[in-house]
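Residues per chain, in single letters:
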Amino acid sequence: MTSEMQEIIEGQAKMTLEKSVFYNPVQEFNRDISIACITQYQKTLNKDIHIFEGLSATGLRSIRYAKEIPNVSKITTNDLDKDAFKTIQENVVKNNVQDIITPSLNDANVAMLQNKNMFDVIDLDPYGSVIPFVDAAIQSIKNGGLLCVTCTDMTVLGGSYLETSYAKYGGTTLKGKFCHEMALRLVLHALESSATRYKRVIVPLMSCSIDFYVRVFVIVKESPKDTKLSCTKTSMVGLCSGCHYYRLQPLGVVNENRTKFSNSRCVLPSKCTFCDFPLHIGGPIYSADIHNQEFVVNLLDALKDESSAQRFKTHKRMLGMVSVISEELNQPLYYDLSQLSSTIKVSTIPVMLFNSALLNEGYKVSSTHCSKTGFKTDAPMDLIWYVLKSWALKQPNYDIKKFEEQKSSPGKNIMNFNFIYDSEVNFEKHELANPSSRIKGLTRYQMNPTKNWGPGAKPTKKLKKDE
Ligand SMILES: C[S@@+](CC[C@H](N)C(=O)[O-])C[C@H]1O[C@@H](n2cnc3c(N)ncnc32)[C@H](O)[C@@H]1O
Ligand SMILES: [Zn+2]
């Protein structure tokens, strides 16, 4: 072995890698969760599956799929790079999976378009955005197949460059605390828009915001009828530039029988009802459910099994994240408790008190896997502000006079707002205020996995004589 080579073991794969081929150890979580999801998906099929990995680099992911997912009959493991192809070939032999894996040297788009309606599972894990590969993937996957995609271009998806986000994903970003979920919904919007062009739709099974990237698992279903519903699952988002209130505006609505479509009534005010600051508009985003509850619950059950803990190195984190996902409300996006509290200049309300106040009023509230301080609720914004205002006024050192010298601020306007509620907020502890994943002390949110972590750079190559 030369100094340009490294040996690694991950899951059941033993790999010899050239340093010129891309390998990111931090993505082990991505590979582990993908193995768990594809295993879960395969169980629902009752047949062997054919997987296509379009951008395989070392082939590590495919080799793990071949060895760790039951009932995989065939994997086409593709990369455009010659060194990567050689690494895949060598490691397939080293791991003795030649009967399952066929290495392929091709442009992923060409490989997919030459094999329309071919694959049960397509996995795309590119540098940056998956967008250049989406149209081909939608055509190449079988009806009912599972599409697994990663995007690591969070500078675009996370809110900094709305013009680039629109150009790539067909929706603009917003600089809101909910940007991690908005990123997921922009990717899902792009997948759905591509699918409907081919008489197909997506059904998200699980959508994950992880470290520096997003990873979504969606079923692609052939259904010309369902493509019509797409406009009702797509919304613009209005975000208040003062107090961070947000509201969704669907592009279309449909009657109960799903036979008659109409434009939706405009619900976004130009100025915020609560703080009088302007609303900014973003999107459109995919606004239907981003997780399938049945799939997530079954996945969680499988992860609770003793053998799962042995199977995956990142098991603790998977169990924590999937538990939080299973508890998430199906409400698009989320608020940030610290941000709302700081808008009215009060120290952040303890989450148990806040949750109890909403639950005691008969509303639901949950965490989000996207952010430690985020919350989802079906409670209206005027109740959220009323609870926070009441909390602030209860604090012994809260000085409402500090707003007096300010001309107009979101905090001042909210504290002066006449809410319709007249009864006192009930902050008494509610039995559902503490989610089970928190009571159990699971690893709900991850610390940075290593120093200098991130998407990993493209390896620099020494040019060979003939290049
Ligand atoms: C981020 S790496 C993939 C990592 C891998 N999936 C894993 O889990 O370790 C991206 C790979 O895509 C390959 N690639 C880039 N453009 C491609 C294309 N058009 N067709 C096929 N492969 C491509 C690169 O050579 C690189 O190996
Ligand atoms: Zn506002």
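Residues numbered from 1 in each chain as written. Chains lettered and ligands numbered in written order. Predicted model: local features only at pLDDT ≥ 70, side-chain atom pairs only at ≥ 80, totals over all residues. Heavy atoms only, no water.

Undergrad: Help me understand the pattern of salt bridges in this model?
TA: Two side chains carrying opposite charge are able to pair once their charged atoms lie near each other. Summed over the entire model, instances satisfying the criterion amount to 22 salt bridges. Salt-bridge contacts for Glu10 lead to Arg31; the nearest nitrogen and oxygen are separated by 2.7 Å. Taken as a pair, Glu10 in strand β1 (residues 5-10) and Arg31 in helix α1 (residues 28-43) lie far apart in primary sequence, 21 residues in all. An identical accessibility class is assigned to Glu10 and Arg31; each is buried. For the salt bridge of Arg64 with Glu10, the shortest nitrogen-to-oxygen distance reads 2.7 Å. Highlighted residues: Arg64 in helix α2 (residues 60-68) and Glu10 in strand β1, separated in sequence by 54 residues. Both residues of the pair, Arg64 and Glu10, belong to the buried class. (Salt bridge = Lys/Arg side-chain N within 4 Å of Asp/Glu carboxyl O. Helix = DSSP H or I, 4+ residues; strand = E, 2+ residues; numbered from the N terminus. Buried < 20%, exposed > 50% of the residue type's maximum accessible area, 1.4 Å probe, protein only.)

Undergrad: Hey, could you run me through the site of ligand 1 in this one?
TA: What surrounds ligand 1 is a group of 19 residues, the closest being Leu55, Arg61, Asp79, Ala108 and Asp125. In the model, an oxygen atom of ligand 1 is placed 3.0 Å from a nitrogen or oxygen of the Arg61 side chain. At a separation of 3.2 Å, a nitrogen atom of ligand 1 approaches a polar backbone atom of Leu80. A molecule is said to occupy a pocket when more than half its atoms come within 2 Å of that pocket's grid points, and by this definition ligand 1 occupies the largest pocket. Among the residues forming the shell around ligand 1, the class breakdown is 8 nonpolar, 4 polar and 7 charged. (Near = heavy atom within 4 Å. Polar contact = N/O pair within 3.5 Å; in protein donor to acceptor, adjacent residues only side chain to side chain. 1 Å grid on protein atoms, 1.4 Å probe; cavity = no way out; pocket = protein on both sides within 12 Å on 5 of 7 lines; lining within 4 Å. Sits in = over half its atoms within 2 Å of the grid points. Nonpolar A, V, L, I, M, F, W, Y, C, P; charged D, E, K, R; others polar.)

Undergrad: Quick question: what am I supposed to make of the sheet that holds strand β17 (residues 371-377) here?
TA: Sheets are built from strands paired through backbone hydrogen bonds, the pairs being either parallel or antiparallel. Across the sheet, which stays open at both edges, the 3 strands sit in the order β15-β17-β16 with antiparallel pairing between neighbours. The open sheet has two free edges, formed respectively by β15 (335-336) and β16 (365-368), since each of these has just one partner strand. In terms of strand pairing, β15 meets β17 through 2 bridges, oriented antiparallel. The residue of β17 that forms the bridge with Tyr335 is Phe375. (Pairing = 2+ DSSP bridges.)

Undergrad: Mind showing me how you'd approach the pairing of β16 here?
TA: Across a regular strand the side chains alternate sides, sitting on one face of the sheet and then on the other. Bridge count between β16 and β17: 3 bridges; the pairing is antiparallel. Bridge pairing in β17 places Val365 opposite Thr377. As consecutive antiparallel partners, β16 and β17 are separated by 2 residues.

Undergrad: Explain the sheet that holds strand β10 (residues 234-240) here, please?
TA: Overall, antiparallel pairing links the 3 strands, which are arranged β11-β10-β14 in an open sheet. Lying at the two open borders of the sheet, with one neighbouring strand each, are β11 (246-250) and β14 (279-286). Direction aside, neighbouring strands of the sheet carry axes that sit 25 degrees apart on average. Judged from the 5 bridges that link them, β10 and β11 form a sheet pairing that is antiparallel. The residue bridging Ser235 from the neighbouring strand is Pro250, located in β11. Helix α8 (residues 179-197) contacts β10 and β14 of the sheet and is inclined by roughly 50 degrees relative to β14. (Axes fitted to C-alpha atoms, helices over the stretch in contact; angles between N-to-C directions. Contact = heavy atoms within 4.5 Å.)

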